[in-house]
Amino acid sequence: PRTLLNLVNILYSYLNEKEKALSYLETHIRLYGDELIINYKLLSIYQEQKNIDGIISILKRIYYKYKEDGNKVPKMKTSEILVSYLEKKDINQAIEFLKKENNNPEKLLTLYKKTNQMKKALDVIMSIYKKSGNIDLLAQVAILEFESAKDKRKVIPSVVKKFKDVLTVLDSHIYQNYLGYILIDFDINVKEGLKFVNQALSKAPNNIAYIDSLAWGQYKLKKCKKAYKNMKKVVDSVGLDDKEIKLHWKKIKECHK
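Moving on: the overall build of the protein. Along the backbone of the protein there are 15 helices and zero strands. With 257 residues in all, the protein has 43% of them scored as buried. Counting contacts in the protein only where the partners sit at least 6 residues apart, residues at least 24 apart contribute 42% of the total. Accessible surface, the protein as shown: approximately 14,600 Å² in total, 53% of it carbon and sulfur.

In structure tokens, the structure reads:
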């Protein structure tokens, strides 16, 4: 290959015969099989030309070569680069590759979320959680379970239980507010919901989402004056573009009259 590479360099860089250089490399691979050194040369040419299809096809070759040879670290590194190119071209191709190779469930999860395939994302995160036992993932499972449910009321008992399990271990204001808001919004236990929201606010007192949860809970308990005062902070800060904030403001204003 050394002689071939020298010839290709001359053709490509000095004689500007780029197509000829590429065809020499492709022919060599067809005749003698995959050689990493040749593939990497092809890759550098395709990258220079910004030829995404070429880059993808070469990265796939390199990936399967490493896989065949049992080289785990370079195989994973190549997979990451390949997925980033597939994602640029067509996110569904990236998803298909990750599903087939099953080598990076975290990335697959990200792509499912990005394409709003929440049910599939939930399956992936459940399997990651079962393998790792990471308690933070249980909260992510609860969020996805809730977000992806057509009938939210049906999943509430299971979602609330997961959040409570998480919050016995983790002191997370994000999850405290999330759980608190569910308990308030669905009238499950407004007082308990406010307890969780106040825990969140003790850590992040200026968080607008948490102040919104607080105002909504106060409104549900008919504490209209307090609710109005807090909701006004939210509206003054972020306006009324958000559908939920708009609804809360309307209801709280009516209650405050």
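Next comes the rest of the write-up.
Attention now moves to unusual backbone geometry. Unlike most non-glycine residues, asparagine 102 shows phi in positive territory, near 50°. Within the secondary structure, asparagine 102 is located in the loop between α6 (91-101) and α7 (105-114). Accessibility expressed as a relative area gives 61% for asparagine 102, which makes it exposed. Its identity as a non-glycine residue notwithstanding, asparagine 116 has a phi of 60°, on the positive side. Residue position: asparagine 116 is located in the loop between α7 and α8 (118-132).

Turning our attention to the state of the cysteines. One pass over the structure, following the stated rule, counts one disulfide. Note on cysteine connectivity: cysteine 224 is disulfide-linked to cysteine 255, with sulfurs 1.7 Å apart. Every disulfide takes its handedness from the sign of the S-S torsion; for cysteine 224 and cysteine 255 that torsion is -65°, giving left-handed. Of this pair, cysteine 224 sits in helix α14 (residues 224-238) while cysteine 255 sits in helix α15 (residues 243-256); the two residues are 31 residues apart in sequence, bridging distant segments of the chain.

Bringing the environment of lysine 226 into the picture now. Counting through the fold element by element, lysine 226 comes out in helix α14. The class for lysine 226 is partly exposed, based on a relative accessible area of 49%. Placed 12 residues apart in sequence, lysine 226 and leucine 214 show a C-alpha to C-alpha distance of 9.3 Å.

One finds Phe146, Phe163 and Ile182 to be the most contacted residues of the largest nonpolar core, which totals 51 residues. With eight residues, the single largest contributor to this core is helix α9 (residues 135-148). If near-sequence neighbours (up to four positions away) are discounted, phenylalanine 163 is found in contact with Ala139, Ala142, Ile143, Tyr175, Tyr178, Leu179 and Ile182. Membership of the second largest hydrophobic core comes to 21 residues, among which are Leu194, Leu201, Ile211 and Trp249.

In the structure shown here, the tally under the stated rule is eight aromatic pairs. Measuring from centroid to centroid gives 5.2 Å for tyrosine 63 and phenylalanine 97, while their planes differ by 75°, and the two rings are edge-to-face. You can see tyrosine 63 sitting in helix α4 (residues 52-69) and its partner phenylalanine 97 sitting in helix α6, a full 34 residues away along the chain. For the pair formed by tyrosine 63 and phenylalanine 97, the shared burial category is buried. The rings of Phe146, Phe163, Tyr175, Tyr178 and Phe186 are connected pair by pair, giving a single aromatic cluster. The ring of phenylalanine 146 is capped by lysine 152, whose NZ or CZ atom sits 5.3 Å from the centre of that ring. Lying across the ring of phenylalanine 196, lysine 195 places its NZ or CZ 5.0 Å from the centre.

Our next topic: the side chain of glutamate 87. Of note, glutamate 87 is situated in helix α5 (residues 72-89). A distance of 3.0 Å separates the side chain of glutamate 87 from the side chain of lysine 107, its partner in a polar contact. Not counting residues up to four positions away in its chain, the partners in contact with glutamate 87 are Ala94, Lys107, Leu111 and Lys114.

Another aspect to go through is the packing of helix α13 (residues 208-220) against α14. Helix-helix packing: each pair is described by the crossing angle between the helix axes and the interaxial distance. Running from amino to carboxyl end, α13 crosses α14 at an angle of 150°, the nearest separation of the two axes being 8 Å. The angle between α13 and α14 falls in the class roughly antiparallel. Between α13 and α14 lies a crossing whose hand is left-handed. Residues Ile208, Ile211, Asp212, Leu214, Ala215, Gln218 and Tyr219 of α13 form the contact with α14, whose participating residues are Lys226, Ala227, Asn230, Met231, Lys233, Val234, Ser237 and Val238. Grouping the constituent residues of the contact of α13 with α14 by class yields nine nonpolar, three polar and three charged.

Taking 1.5 Å of rise per residue, 18 residues should cover 26 Å, and α4 covers 26 Å from first to last C-alpha, within 8% of that figure. Of all the residues in α4, the buried ones are Gly54, Ile55, Ile56, Ile58, Leu59, Ile62, Tyr63, Lys65 and Tyr66. Next to the buried residues of α4 lie α3 (36-48), α5 and α6. Between the side-chain oxygen of the N-cap and the backbone nitrogen of aspartate 53 there are 3.3 Å, and the N-cap of α4 in question is asparagine 51. A positive phi of about 75° marks glycine 70, the residue just after α4.

Criteria and cut-off values
- All residue numbers refer to position in the chain's written sequence, counted from 1.
- Whole-chain, interface and lining totals are the exception, using all residues; otherwise, since this is a predicted model, local features are given only for residues with pLDDT of at least 70 and side-chain atom pairs are given and counted only at 80 or more.
- Calculation of side-chain values draws on the structure's entire complement of heavy atoms; hydrogens and water are dropped beforehand.
- Comment: elements are numbered from the N terminus, with helices defined as DSSP H or I runs of at least four residues and strands as E runs of at least two.
- Burial classes follow relative accessibility: with a 1.4 Å probe on protein chains only, a residue under 20% of its type's maximum area counts as buried, one over 50% as exposed, and anything between as partly exposed.
- Every residue pair with non-hydrogen atoms within 4.5 Å of one another is taken to be in contact.
- Surface accessibility follows the Shrake-Rupley procedure with a 1.4 Å probe radius. Residue values consider only the protein chains on display as shielding.
- By convention in this document, the label disulfide applies to cysteine sulfur atom pairs within 2.5 Å.
- Put simply, a nonpolar core is a bunch of buried Ala, Val, Leu, Ile, Met, Phe, Trp, Tyr and Cys residues held in one set by side-chain atoms that sit within 4.5 Å of each other.
- Think of it this way: a Phe, Tyr or Trp ring, Trp meaning its six-membered ring, pairs with another when their centres are within 6.5 Å, and the plane angle makes it stacked under 30 degrees, edge-to-face over 60, tilted otherwise.
- Distance and angle both matter: a charge sits over a ring if NZ of Lys or CZ of Arg is within 6 Å of the ring centre and within 35 degrees of the ring normal.
- Whenever two N or O atoms come within 3.5 Å, that pair is a polar contact, provided that in protein one can donate a hydrogen and the other can accept it, and provided that, for residues adjacent in sequence, both atoms are side-chain atoms.
- A fitted line through C-alpha atoms serves as each axis, taken over the contacting stretch for helices, and the angle formed by two N-to-C directions is quoted from 0 to 180°.
- By definition in this entry, angles of less than 35 degrees are roughly parallel, angles greater than 145 are roughly antiparallel, angles of 65 to 115 are roughly perpendicular, and the rest are oblique.
- Handedness of a crossing is defined here by the sense of rotation of the near helix relative to the far one, left-handed for an anticlockwise turn of less than a right angle and right-handed for a clockwise turn.
- Polarity classes work like this: nonpolar for Ala, Val, Leu, Ile, Met, Phe, Trp, Tyr, Cys and Pro, charged for Asp, Glu, Lys and Arg, and polar for all others, with Gly in that last group.
- Under the convention used throughout, the expected extent of a helix is 1.5 Å for every residue step, that is, one less than its residue count.

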